[in-house]
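Residue strings, one per chain:
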Amino acid sequence: MKPTHYQSSEFGFDRQRISRAALQVVDGLQSAGFDGYLVGGCVRDLLLGKVPKDFDVTTNARPEQVKKIFDRARIIGRRFRLVHVRYHGEMVEVATYRADPNRGGKKKWLKWAKNKTSNSGRITDDNVYGDIEDDAVRRDFTVNALYYDPTSEQVIDYLGGVADINNHCLKMIGNPADRFAEDPVRMLRVLRFKAKLGLEPEPSLVEAIRKHRMLLEDVPAARLFDEVLKMFHHAHGISSWHELRQTGLAQLLFGQTIEVLEQENDRDYEQFILSALENTDRRISQDKPVIPAFLFAVFLWGPFSVRHRQLCVENKNTMQAFHQASDEVFAAQSLQVSVPRRVSTPAIEIWELQSALERRRPRTIRAILENRRFRAAYDFLLLRARIGEVGQDLVDWWTRIQDVNGEGRDKIISQLAPGKSTRRSRKRRSPRKRKPVSGGEPRGSS
Ligand code: ATP
Ligand code: MG
């Protein structure tokens, strides 16, 4: 395969956007006589005129050789060994060219070599090293298989990725069905690159996703947690959600949520999710912090509310029903996308605060305001008010009380009638009219 070399100046490629640490790592590798290139998403983003979120470097040096070149380097990973190099507090990931043992013309040789244990240092453990060409074809999309040499300022393109970037087209390297079978997470990557970069997937990709979407069930739930955050915490949550809904992948990530949306044809709840995603996108583009707990509190609020009401109807006391419903809903969620406790606990706290915010018991107000989840719970209440689950007057009250201190605050609190609940009757339909949602049984257990 003969690569095409492009001079990066042809594309208005902004070199200033490359991290100094990444440039120094490449320079270190090249000075030691090895190849050194920037690769993958960072080259793609620079060609698209975007600011890359991280920089990956690739080389023909083995991890041990890379480690020797840099003072602050350590080898990580067991299956695929990479080197993390630190420079000026920044971390650059250096990967040795890899080949895909299941693909390409060298397939047989590689399999043979693997079974024969290591020879010529080409194969060690599960690392199948290759040359730059092997490394290009094992990547997922043509636009992600571009190499940039900062010294010659050239982009090296083996698979037509530059033309695809110019045409805003997302093309798989190889056959989409096979590549999805190898790693179904690539389906989510298609949606993410469409949502985030406006790259239009070629029709065969979309078709293959529709056909093979169930493959996503085989991906470990913990890996999907990371992918979900990448989809929703990079300022393109709304478009990612639309893509997930259209392709049916949402069902495989948030089955309970989709069940409520579809069984109940619950427009309010869909609007609630969309408003939350819109807020999150806005906060991220303004560099404000966002927490995964809020996202999961939003996605699971529907299933939680339905289950909670069911349990209350079954005469469970409210607290018991609350704990049972939240435990069940998170347990079922974790069978699809596992949610670590550090995320589910604050999400449940956000839900727990909702009834306290609605009740406004005078004696509890100060403690609520000091609760570390207050801000998130208040934002959550705002979203609920938008779909009429609580009154706007309630939200306005909580907005006002945050703005005053001391006597002003005491005065507002004293105006609340003690013991009187300020809860507004729910606009939502009564639980009796609702169909049960998966009975709270963990998904996949039936
Ligand atoms: P992002 O902007 O999200 O960082 P990215 O393309 O850089 O996008 P990374 O996860 O950082 O994504 O991966 C870096 C590179 O590694 C990709 O550009 C691609 O070449 C390769 N890669 C990542 N994940 C896969 C995968 N599942 N299959 C094949 N190649 C992959
Ligand atoms: Mg990246």
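Sequence order as written defines the numbering, with residues in each chain counted from 1. Chain letters start at A and ligand numbers start at 1, both assigned in the order the entries are written. It should be noted that, the model being predicted, local features are given only for residues of pLDDT at least 70 and side-chain atom pairs only at 80 or more, the latter also being counted only at that level, while totals for whole chains, interfaces and linings use all residues. By convention in this description, side-chain values take in all heavy atoms of the structure and omit both hydrogens and water.

Details of unusual backbone geometry
Stage number 1. Its identity is not glycine, yet Asp-287 carries a phi of approximately 60°, on the positive side.
Stage number 2. Helix and strand definitions follow DSSP, with helices as H or I runs of at least four residues and strands as E runs of at least two, each counted in order from the N terminus. Tracing the backbone shows Asp-287 in the loop between helix 14 (267-285) and helix 15 (292-313).
Stage number 3. Of note in the backbone geometry, Asn-315 takes a positive phi value of approximately 70° without being a glycine.
Stage number 4. Position of Asn-315 relative to the elements: it lies in the loop between helix 15 and helix 16 (318-334).
Stage number 5. Burial here depends on accessible area, computed with a 1.4 Å probe over protein chains only, as a share of the maximum for the residue type. Under 20% is buried, over 50% is exposed, and the range in between is partly exposed. The class of Asn-315 is exposed, set by a relative accessible area of 72%.

Structural notes on the site of ligand 1
Stage number 1. In the neighbourhood of ligand 1, 16 residues make up the surrounding shell, with Arg-44, Asp-183, Arg-186, Arg-192 and Lys-196 lying closest.
Stage number 2. Two N or O atoms form a polar contact when they lie within 3.5 Å of each other; inside protein one atom must be a possible hydrogen donor and the other a possible acceptor, and for residues adjacent in sequence the pair counts only when both atoms belong to side chains. A distance of 2.9 Å is found between an oxygen atom of ligand 1 and a backbone nitrogen or oxygen belonging to Asn-144.
Stage number 3. Here a nitrogen atom of ligand 1 and a side-chain polar atom of Asp-183 are 2.8 Å apart.
Stage number 4. For accessible areas, the Shrake-Rupley method is used with a probe of radius 1.4 Å. Any residue's cover is judged against the shown protein chains and nothing else. For ligand 1, the protein covers 85% of the area, taking 580 Å² as the surface of the free molecule.
Stage number 5. Where the shell around ligand 1 is concerned, the elements lending two or more residues are helix 2 (41-47) and helix 8 (185-197).
Stage number 6. Among the elements that make up the shell around ligand 1, the one with the highest residue count is helix 8 (5 residues).
Stage number 7. Each residue belonging to the shell around ligand 1 can be placed in one class, and the counts come to 1 nonpolar, 3 polar and 12 charged. Working definition: residue near molecule or strand if any one of its non-hydrogen atoms lies within 4 Å of it. Amino acid classes used here: Ala, Val, Leu, Ile, Met, Phe, Trp, Tyr, Cys and Pro are nonpolar; Asp, Glu, Lys and Arg are charged; the rest, including Gly, are polar.

Quick notes on the nonpolar core
Stage number 1. Ranked by internal contacts, the top residues of the largest apolar core, which has 115 residues, are Leu-38, Phe-232, Trp-241, Phe-296, Trp-351 and Trp-398.
Stage number 2. Each domain's extent was defined by an automatic or database domain assignment. Three or more residues apiece are contributed to this core by two domains, here domain 1 (1-168) and domain 2 (220-414).
Stage number 3. Residues count as neighbours in contact if any of their non-hydrogen atoms are within 4.5 Å of one another. Apart from the residues lying within four places of it in its own chain, the contact partners of Trp-241 are Phe-232, Phe-254, Thr-257, Ile-258, Leu-261, Glu-270, Ile-273, Leu-274, Leu-277 and Phe-299. Take the buried residues of types Ala, Val, Leu, Ile, Met, Phe, Trp, Tyr and Cys, join any two whose side-chain atoms come within 4.5 Å, and each joined set is a nonpolar core.

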